[in-house]
Every structure is written in structure tokens, then in C-alpha cells.
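# Structural overview for review
Okay, here's what each chain looks like letter by letter:
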Amino acid sequence: MHDGYIFTLGICGSASAGSPATACLNLMLAALPPVKRAAYLGEVLLTAGPPTLDDPLTVPLLTDIADAEVLLIATPLPGGALPVRLQALVRALNAAPLTGRRRFVALVAFADGPTTGLWPLRHAIEAAGGDLVGELYAENDAAPRSFAADAVALARATYDRARHLHPAALPRS
């Protein structure tokens, strides 16, 4: 916990402002009290130096995941698979599993086909000590109003699970 607050981390498999996954994560985070942080894993990573396959967000994101009590994950599934940068995060989680803390996770996927590409993410969540509270699915081109109520309800249910584990956390009701 951060300064007595439940730390909520949002992870999005897209950084596109027009993506329903980005809109979904923003809605979910806005519905919860602080402390919260978001990581938007865009499709392109620009570097000032020579090209590299190392993602500079991976290590800080692993640190944030280790500190988080609540994880909200919203992602598109292009071609039925996780986006490349989210795949890299999953590999990093599997290579160095997190222990010592229980995490509660909400997962929202946007796909027009099968969602079998989520299995590696589900396994990484489990390896990170995460309890998957629920999953929500919507179409790739879903309008935010079509999933907003369900996404917010899932975020609140996930946060409530962490609150039950940490009843003294701020803000107090």
C-alpha cells in the first residue's frame, strides 16, 4: 500500500486515444479512489538511441505490479493475440514471478474473434499472486457507452475485494 491507500495500477494494451481499451481503462480508473497509476502500452516505441527490443517501461511496470493491490487490465486482442508490448510484460512476469502480496485483477478484452490469446496473461496474473475477480469482453469497435457500466462495476468489485483485505486503508468510508 502507498501511504495507507490501496494502490491501483491500470495496464492498457493500447495507447491509442481512439481505442475502446484506452477509454475503458480510463473509465475504470476514474471510478476508484486514489492512489492509482496507468501504463498505456502503445504499438510503437520510439528511442533516441540505436534500435532496441528492450522496453524501458517493463522494469518500472514490474515494480508497480509488485506494489499494487489492484490491477485493472484492458487490452485489444489484435488477431486474437495480446499486443506485442503486453506479451513482453507477460514474459517478464513469468521470468521473475512476484510473491508476498495478494493482488486482485479485473480483465477487459476487446476482440472480434476468439479470446484464447488471453491464456498467457491469465497464467502471468496467477504467477504474480493475482486473483482474477472477473473478465469482460467487448467487440473491437465497441462504443464506450456499451461497456461503461459493466467495466465500472467490475473495477469497483475488484477494488472492494482489496478493501476487504485492507479495511483500514484510506480513504475510510
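Description of the structure in this document.

Rules of the game
- Residue positions are given per chain, counting from 1 as you read along its sequence in written order.
- Thresholds applied to this predicted model are a pLDDT of at least 70 for local features of residues and 80 or more for the giving and counting of side-chain atom pairs; totals over whole chains, interfaces and linings are not thresholded and use all residues.
- Only hydrogens and water are set aside when side-chain values are computed; all heavy atoms of the structure are taken into account.
- What is meant by a nonpolar core is a set of buried Ala, Val, Leu, Ile, Met, Phe, Trp, Tyr and Cys residues, joined one to another through side-chain atoms within 4.5 Å.
- A simple rule labels every residue: compare its accessible area, found with a 1.4 Å probe on the protein chains alone, to the largest value its type can have, and call it buried under 20%, exposed over 50%, or partly exposed in between.
- Here a strand is any run of E in DSSP of at least two residues, a helix any run of H or I of at least four, and the numbering for each starts at the N terminus.
- We call two residues in contact when some of their heavy atoms are within 4.5 Å.
- Only C-alpha atoms enter the line fits that serve as axes; for helices the fit covers just the stretch in contact. Angles between N-to-C directions range over 0 to 180 degrees.
- Note on angle classes: values under 35 degrees are labelled roughly parallel, values over 145 roughly antiparallel, values of 65 to 115 roughly perpendicular, and the remainder oblique.
- Left-handed describes a crossing whose near helix is turned anticlockwise from the far helix through less than a right angle; right-handed describes the clockwise counterpart.
- Just so you know the grouping, Ala, Val, Leu, Ile, Met, Phe, Trp, Tyr, Cys and Pro go in nonpolar, Asp, Glu, Lys and Arg go in charged, and all remaining residues, Gly too, go in polar.
- Grid spacing is 1 Å over the protein atoms alone, the probe is 1.4 Å, and a cavity is where that probe fits but cannot get out, while a pocket is an open set with protein on both sides within 12 Å along at least five of seven lines and lining residues have an atom within 4 Å of a point.
- Grid points are joined across faces, edges and corners, and a volume is the space filled by probe spheres set on the points.

### Topic: the nonpolar core
One finds Leu-9, Ile-11, Leu-61, Ile-65, Leu-89 and Leu-121 to be the most contacted residues of the largest nonpolar core, which totals 28 residues. Every element with two or more residues in this core is listed here: strand E1 (8-12), helix H2 (58-67), strand E3 (70-76), helix H3 (84-95), strand E4 (103-110) and helix H4 (119-127). By residue number, the principal contributor to this core is H3, which donates five residues. If we ignore the near neighbours within four places in the chain, the residues touching Leu-9 are Arg-37, Leu-61, Asp-64, Ile-65, Ala-68, Val-70, Leu-71 and Leu-72. Ala-74, Ala-106, Val-108 and Leu-154 belong to the second largest nonpolar core, which has 25 residues in total.

### Section: the packing of helix H1 (residues 20-30) against helix H5 (residues 144-165)
Two elements in contact, H1 and H5, have axes whose closest approach is 9 Å; the angle formed by their N-to-C orientations is 45 degrees. The pairing of H1 with H5 is recorded here as oblique in orientation. H5 is crossed by H1, and the crossing has right-handed handedness. Contacts between H1 and H5 involve Pro-20, Ala-23, Cys-24, Leu-27 and Met-28 from the first element and Pro-144, Phe-147, Ala-148, Ala-151, Val-152 and Ala-155 from the second. By residue class, the composition of the contact of H1 with H5 is eleven nonpolar, no polar and no charged.

### A few points about empty space enclosed by the protein
Considering all chains together, one arrives at one cavity of 30 Å³ or more under this definition. A volume near 70 Å³ is recorded for the largest cavity. Every residue along the wall of the largest cavity is listed here: Ile-11, Ile-65, Leu-71, Ile-73, Leu-86, Leu-89, Val-90, Leu-93, Leu-121, Ala-124, Ile-125 and Ala-128. With four residues, H3 is the single largest residue contributor to the lining of the largest cavity. The class makeup of the residues in the lining of the largest cavity is twelve nonpolar, no polar and no charged.

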